[in-house]
Amino acid sequence: MGKTIKERLTDQCRAQLQARIATLQRSVETIQAARNNETKSSAGDKYETGRAMMQMEEDKVMAQLDQAQFQLQQLRQIPPYSGTTISSGSLVRTQKGCYFLSVSMGKAMVDGTVFYCISTQAPLAQQMLGKSKGDKIVFNGQEDEILDVT
């Protein structure tokens, strides 16, 4: 039996996150190697400034890595079945689009349908949470009807 749409969307999000984590880990390793290979020159201030800039870059990449790992953890906690009331893990079809309430990953396509993978913390998701098929939401001043929840 084939995978469900939700399983395929989860797989796509997981693959994107794992690739991002691998890239960020390589970036951290590169920055650390460059910092460790930096030799102290006679111009001490230049050396310290270069190391400080590399440390700032490493901190930035580490924060991105932490965020990606947190998103992967959130994705793993999504229940396989989410019921008819919108919650984390729900697939929601509205008049304006299809959404997977999971992690913020942007667009994903399954069976020719575009799904927007959004975090439950996103303002649109906040409007949807707790709603059911037939309910209406208003987002950015525009009304939208929930056509289906799976």
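Further up the page is the structure itself.
These numbers were taken from a predicted model, which means no experiment stands behind them.

> Hey, could you go over the side chain of Ser 90 for me, with residue numbers and the actual values?
Mapped onto the fold, Ser 90 is located in the loop between helix H2 (44-76) and strand E1 (91-94). Only 2.9 Å separates the side chain of Ser 90 from the backbone nitrogen of Ser 87, close enough to count as a polar contact. When residues no more than four places from it in sequence are discounted, the contact partners of Ser 90 are Ser 82, Thr 85, Tyr 99, Phe 100, Leu 101, Val 149 and Thr 150.

> So what's going on with the nonpolar core? Which residues, and what values?
In terms of nonpolar packing, the biggest core is built from 23 residues, with Leu 9, Leu 17 and Cys 117 touching the most fellow members. Broken down by secondary-structure element, the contributors of at least two residues to this core are helix H1 (5-37), H2, strand E2 (98-102), strand E3 (106-110) and strand E4 (113-119). Once residues within four sequence positions are removed from consideration, Leu 9 is found in contact with Leu 91, Phe 100, Ala 108, Val 110, Phe 115 and Cys 117. Membership of the second largest hydrophobic core comes to 12 residues, among which are Tyr 99, Met 128, Ile 137 and Val 149.

> Describe unusual backbone geometry, listing the residues and the values that go with them.
Positive phi values are uncommon outside glycine, yet Asp 111 reaches one of about 50°. Residue position: Asp 111 is located in the loop between E3 and E4. By relative accessible area, which is 57% here, Asp 111 ends up exposed. If you check the backbone angles, Asn 140 has positive phi at about 55° while not being a glycine. Position of Asn 140 among the secondary structure elements: in the loop between strand E5 (136-139) and strand E6 (142-149). Given a relative accessible area of 66%, Asn 140 falls into the exposed group.

About the cut-offs
- Residues numbered from 1 in each chain as written.
- Predicted model: local features only at pLDDT ≥ 70, side-chain atom pairs only at ≥ 80, totals over all residues.
- Heavy atoms only, no water.
- Helix = DSSP H or I, 4+ residues; strand = E, 2+ residues; numbered from the N terminus.
- Polar contact = N/O pair within 3.5 Å; in protein donor to acceptor, adjacent residues only side chain to side chain.
- Contact = heavy atoms within 4.5 Å.
- Core = buried A, V, L, I, M, F, W, Y, C linked by side-chain atoms within 4.5 Å.
- Buried < 20%, exposed > 50% of the residue type's maximum accessible area, 1.4 Å probe, protein only.

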